[in-house]
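Reading the structure
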Amino acid sequence: MVKNQKEEVYGDDEEDVPMVKVLVLGGPRTGKTSIINRYCHNKIPSNYKVTVGVDCVSKITVVNGVKVELFFWDISGQERYAHMTRQYFENAKGVFIVFDVSDEKTLEAAEAWKAEVDNCFPNEPIPSILLANKSDKILDLKEVPYRRYDQFCEYNKIVKWFLTSAMAGTGLDESVDELVKLIFDSNADLAPKKPVGFKLTSAPQQQATTETRKTCC
Ligand SMILES: Nc1nc2c(ncn2[C@@H]2O[C@H](COP(=O)(O)OP(=O)(O)OP(=O)(O)O)[C@@H](O)[C@H]2O)c(=O)[nH]1
Ligand SMILES: [Mg+2]
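Residues numbered from 1 in each chain as written. Chains lettered and ligands numbered in written order. Predicted model: local features only at pLDDT ≥ 70, side-chain atom pairs only at ≥ 80, totals over all residues.

Naming follows an unreviewed UniProt entry, where the chain appears as Rab GTPase of Heterostelium pallidum. Of the chain, the UniProt comment under Sequence similarities (unreviewed entry) reads exactly: "Belongs to the small GTPase superfamily. Rab family." (UniProt positions renumbered as here; feature names shortened; annotations may be inferred.)

Rendered as structure tokens:
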């Protein structure tokens, strides 16, 4: 028999769900599109298909018990689209900067992208996290220069970095959770509100905590 149980409801009303724009930036072929597709659709990366300009994918998820709709803006790393992509920075609340941990040269592009973000938001820095992607290509994780990436983040005013693999699906939930928490910390209007009440639900929980939707803000 399925018993009823109490569950705290935070922003359960569809209208209460905060919408949060997250930029995903970095050099070409570092895995930005793959990360988004893996996180939002659990799709395993396959052949490279360049992102033409920008794309946007959204997903509703729950962080700290709060429902939030994340809009991932996938910005092409190709220089040839640079003239059109910067305008999409507006109203972003958080940033992922991606590099390929198996090709350290891509850190240079990561630094340049972070500088672009800083130019765009000179007065109110927005939370930024570095994703060291393609970690599945590293045979021995002891080879990862942890200290160097810490210093890179410190120097470029990036809060934290995570090892991720769109291929293996690792590090993605953790990095998204962390970014959303940082966004809540720096945006009082988005931060979790007090519970509005209680709702009777069936146990065990059968509802998925995430939904996906492809649309733009
Ligand atoms: N091994 C491995 N390959 C990956 C991973 N993530 C992405 N790739 C591969 O890397 C290539 C580039 O991935 P994309 O996600 O298209 O790269 P992107 O950063 O969006 O590239 P642009 O759109 O040109 O800016 C593809 O062939 C992916 O299959 C990963 O975590 N591990
Ligand atoms: Mg892409």
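Okay, back to it.
Time to look at the overall build of the chain. Scanning the chain for helices and strands turns up 5 helices and 9 strands. Listing the helices and strands of the chain from first to last along the sequence gives β-β-α-β-β-α-β-α-β-α-β-α-β-β. Within the chain, the fraction of its 217 residues that count as buried is 35%. At a minimum sequence separation of 6, the contacts of the chain that also span at least 24 residues come to 76%. (Helix = DSSP H or I, 4+ residues; strand = E, 2+ residues; numbered from the N terminus. Buried ≥ 20, exposed ≤ 12 C-beta atoms within 10 Å, placed from the backbone. Contact = placed C-beta atoms within 7 Å.)

On to helix α4 (residues 146–155), then. Among the 10 residues in α4, 1 count as buried, and that is only a small part of the element. Once α4 finishes, Lys 157 follows within two positions and takes phi at roughly 55 degrees, a positive value.

Below, the discussion takes up the site of ligand 1. Looking at ligand 1, there are 24 residues lining it, with Gly 31, Ser 34, Pro 45, Thr 51 and Gly 77 nearest. With 3 residues, helix α1 (residues 32–41) is the largest single contributor of residues to the shell around ligand 1. (Near = placed C-beta within 6 Å.)

Nonpolar side chains in soluble globular proteins tend to end up buried together. In terms of nonpolar packing, the biggest core is built from 46 residues, with Val 22, Val 24, Phe 72, Phe 96, Ile 97, Leu 131 and Ala 132 touching the most fellow members. Setting aside residues up to four positions removed in sequence, Phe 72 forms contacts with Val 22, Val 24, Ile 36, Cys 40, Cys 56 and Val 57. (Core = buried A, V, L, I, M, F, W, Y, C linked by C-beta atoms within 7 Å.)

Now for the confidence of the model for the chain. Predicted confidence across the chain gives a mean pLDDT of 86, with 81% of residues reaching 70 or more. Scored below 50 in pLDDT, residues 1–9 shows 19 contacts in the model against residues more than four places distant or in partner chains. For the stretch residues 204–217, pLDDT sits under 50, and the model shows 18 contacts to residues farther than four places along the chain or on other chains. (pLDDT = per-residue confidence, 0-100.)

Turning to the environment of Met 84, a few remarks are in order. By the secondary structure assignment, Met 84 is in helix α2 (residues 82–85). In this structure the C-alpha to C-alpha distance between Met 84 and Val 54, which are 30 residues apart in sequence, comes to 8.7 Å.

With that out of the way, let us pick up the environment of Lys 93. Along the chain, Lys 93 turns up in the loop between α2 and β5 (94–100). A count of 22 C-beta atoms within 10 Å places Lys 93 in the buried class. When the C-alpha atoms of Lys 93 and Val 22 are compared, they prove to be 6.0 Å apart, with 71 residues separating the residues in sequence. Setting aside anything within four residues of it in sequence, one finds Lys 93 in contact with Val 20, Lys 21, Val 22, Ile 126, Ile 183 and Asn 187.

Next up on the list: the pairing of strand β6 (residues 128–133). Regular strands have side chains that alternate between both faces of the sheet. Burial within β6 is extensive, with 6 of its 6 residues counted as buried. Two strands pair when backbone bridges link them, and β5 and β6 are joined in this way by 6 bridges, in the parallel orientation. Paired with Val 95 across the strands is Ser 128, a residue of β6. Each parallel crossover has a hand, and for β5 linked through helix α3 (residues 106–120) to β6 it is right-handed. Relative to strand β7 (residues 160–163), β6 runs parallel, the two sharing 4 bridges. What sits directly across from Ala 132, in β7, is Leu 163. For the crossover from β6 across α4 to β7, the handedness is right-handed. (Pairing = 2+ DSSP bridges. Right-handed = clockwise from strand over helix to strand, strands pointing away.)

With that settled, consider helix α5 (residues 172–186). For α5, spanning 15 residues, the distance from its first C-alpha to its last is 21 Å, which sits close to the expected 21 Å at 1.5 Å a residue. Looking only at α5, the buried set comprises Leu 172, Ser 175, Val 176, Leu 179, Val 180, Ile 183 and Phe 184. (Expected span 1.5 Å × (residues − 1).)

Right, let's talk about unusual backbone geometry for a bit. Note: most residues except glycine have negative phi, and most peptide bonds are trans. A positive phi angle, close to 55 degrees, is found at Asn 42, a residue other than glycine. Of note, Asn 42 is situated in the loop between α1 and β3 (54–63). By the C-beta count within 10 Å, which is 11 here, Asn 42 ends up exposed. Phi is positive for Asn 64, close to 55 degrees, though the residue is something other than glycine. Among the secondary structure elements, Asn 64 is positioned in the loop between β3 and β4 (66–75).

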